[in-house]
Amino acid sequence: MATRVPAGTAARTTAGSAARQQAKQPARPSARERLLASANELFYSEGVQSVGIDRIIEHAGVAKASLYNTFGNKEGLVRAYLASRRDRNRHRIARALTRFRTPRERLLGVFEAQGEMFTDPDYNGCAFVSASAEAGADSAITGEADEYRGWMRGLFTDLAAEAGAADPELLGRQLHLLYDGAMLSARMDRDPTASSTARAAAAALLDAALPGPAQGPAAPAAAIA
């Protein structure tokens, strides 16, 4: 005798299966996420001024109103793009520095983290340098770049202070200059090893600036006659 299925059971089973199937699918990114992803791709590879709003909107697959409701205007989107690059770089460096124990190792580790960035096939220089080169001195975009650069210089200065440098601010500025130079060389000279050269120069600066073992073994004491 055939088993009788209660009325409505098949429908509930089908609905439950569909719900489970839908739950397995990742949620579609929001309009804000899609706009930022498009800005990161297009602004970084082609330049902030070269890429218009309409192209971003088309690439993101959103309505024009979504951009203006979320970011206000193009400058607002550029600022959000730069803020996302800043946060990404800060997290990348913070993760890399967990591999090192001493302040000296962490200082040099910043250049190692930079070298990992240079090996990315999509590396196209510093997003902040590119964006601020096309903006006015009083632009909010320049302000975003200034904030990021201040954080970067502060990181070097803080690590130099932890290591015991007599003038951590001066050493921080020197290391920041090396960091900038490596970025320029990696982009303009297409040299992914630029960070290794900068790291070697940074090590020499540290050996001269830090007290104790960083300066190498002490000279033997003179014999007493």
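Residues numbered from 1 in each chain as written. Predicted model: local features only at pLDDT ≥ 70, side-chain atom pairs only at ≥ 80, totals over all residues. Heavy atoms only, no water.

What follows covers the overall build of the protein. Of the regular secondary structure elements, the protein holds ten helices and zero strands. Written out in order from the N terminus, the α and β elements of the protein read α-α-α-α-α-α-α-α-α-α. In the protein, buried positions account for 37% of the 225 residues. Considering only contacts in the protein between residues 6 or more positions apart, those separated by 24 or more positions represent 67%. With an accessible surface of roughly 13,400 Å², the protein has 54% of that area assigned to carbon and sulfur atoms. (Helix = DSSP H or I, 4+ residues; strand = E, 2+ residues; numbered from the N terminus. Buried < 20%, exposed > 50% of the residue type's maximum accessible area, 1.4 Å probe, protein only. Contact = heavy atoms within 4.5 Å. Areas by Shrake-Rupley, 256 points an atom, 1.4 Å probe, with all protein chains shown as cover.)

Residue placement: Arg 85 occurs in helix 5 (residues 74-97). It turns out Arg 85 is buried and unbridged, and the closest side chain with the opposite charge, Asp 120, is 7.3 Å from it. (Lys, Arg positive; Asp, Glu negative; His and termini not counted. Salt bridge = Lys/Arg side-chain N within 4 Å of Asp/Glu carboxyl O.)

This part covers the side chain of Arg 86. Within the secondary structure, Arg 86 sits in helix 5. Discounting residues that sit within four places of it in the chain, Arg 86 has contacts with Phe 128, Glu 144, Glu 147 and Tyr 148.

Mean pLDDT over the protein works out to 86, with 82% of the residues at or above the 70 mark. Per-element confidence in the protein ranges from a low mean pLDDT of 55 for helix 1 (residues 9-24) to a high of 96 for helix 9 (residues 168-188). Confidence drops under a pLDDT of 50 for residues 214-225, and excluding neighbours within four residues, the segment shows five contacts in the predicted structure. (pLDDT = per-residue confidence, 0-100.)

This part is about the packing of helix 6 (residues 103-118) against helix 8 (residues 140-163). Their axes nearest at 8 Å, the elements helix 6 and helix 8 cross at an angle of 155°. As summarised for this structure, helix 6 and helix 8 are arranged roughly antiparallel, according to the angle between their axes. Along this stretch, helix 6 crosses helix 8, giving a crossing that reads as left-handed. Only Met 152, Leu 155, Phe 156, Leu 159, Ala 160, Glu 162 and Ala 163 of helix 8 make contact with helix 6, whose side of the interface consists of Pro 103, Arg 104, Arg 106, Leu 107, Val 110 and Phe 111. Across the contact of helix 6 with helix 8, the residue classes tally to ten nonpolar, no polar and three charged. (Axes fitted to C-alpha atoms, helices over the stretch in contact; angles between N-to-C directions. Parallel < 35°, antiparallel > 145°, perpendicular 65-115°, else oblique. Left-handed = near helix turned anticlockwise from the far one by under 90°. Nonpolar A, V, L, I, M, F, W, Y, C, P; charged D, E, K, R; others polar.)

Membership of the largest hydrophobic core comes to 55 residues, with the highest contact counts inside it found for Phe 43, Ile 56, Tyr 81 and Tyr 179. No other element matches helix 8, which puts eight residues into this core. Once you skip the residues sitting within four places of it in the chain, Phe 43 turns out to touch Ser 38, Val 48, Val 51, Ile 56, Lys 74, Leu 77, Val 78 and Tyr 81. (Core = buried A, V, L, I, M, F, W, Y, C linked by side-chain atoms within 4.5 Å.)

Tracing the sequence through the fold places Ala 145 in helix 8. A relative accessible area of 3% places Ala 145 in the buried class.

Before going further, it helps to examine the packing of aromatic side chains. Taken as a whole and assessed by the stated rule, the structure comprises seven aromatic pairs. Judged by centre distance (6.1 Å) and plane angle (65°), the rings of Phe 111 and Tyr 179 are edge-to-face. Taken together, the residues Phe 111 in helix 6 and Tyr 179 in helix 9 connect sequence positions 68 residues apart. On the numbers, 5.0 Å between centres and 55° between planes, the contact of Phe 118 with Tyr 123 is tilted. (Phe/Tyr/Trp six-rings, centres within 6.5 Å; stacked < 30°, edge-to-face > 60°.)

One non-glycine residue, Arg 190, lies in positive phi territory at about 50°. Looking at where Arg 190 falls in the secondary structure, it is placed in the loop between helix 9 and helix 10 (194-209). Relative accessible area serves as the criterion here: at 67%, Arg 190 is assigned to the exposed category.

Looking now at the pattern of salt bridges. Enumeration according to the criterion identifies twelve salt bridges in this entry. Salt-bridge contacts for Asp 54 lead to Lys 64; the nearest nitrogen and oxygen are separated by 3.2 Å. Residue Asp 54 is found in helix 3 (residues 53-60), and its partner Lys 64 is found in helix 4 (residues 64-71); the two are separated by ten residues along the sequence. Overall, the relative accessible area of 43% leaves Lys 64 in the partly exposed class. The salt bridge involving Glu 162 is made with Arg 106; its shortest N-O contact spans 3.3 Å. Within this pair, whereas Glu 162 is found in helix 8, its partner Arg 106 is found in helix 6, the two being separated by 56 residues in sequence. Several salt bridges converge on common partners, so that one network encompasses Arg 79, Arg 86, Asp 87, Glu 144 and Glu 147.

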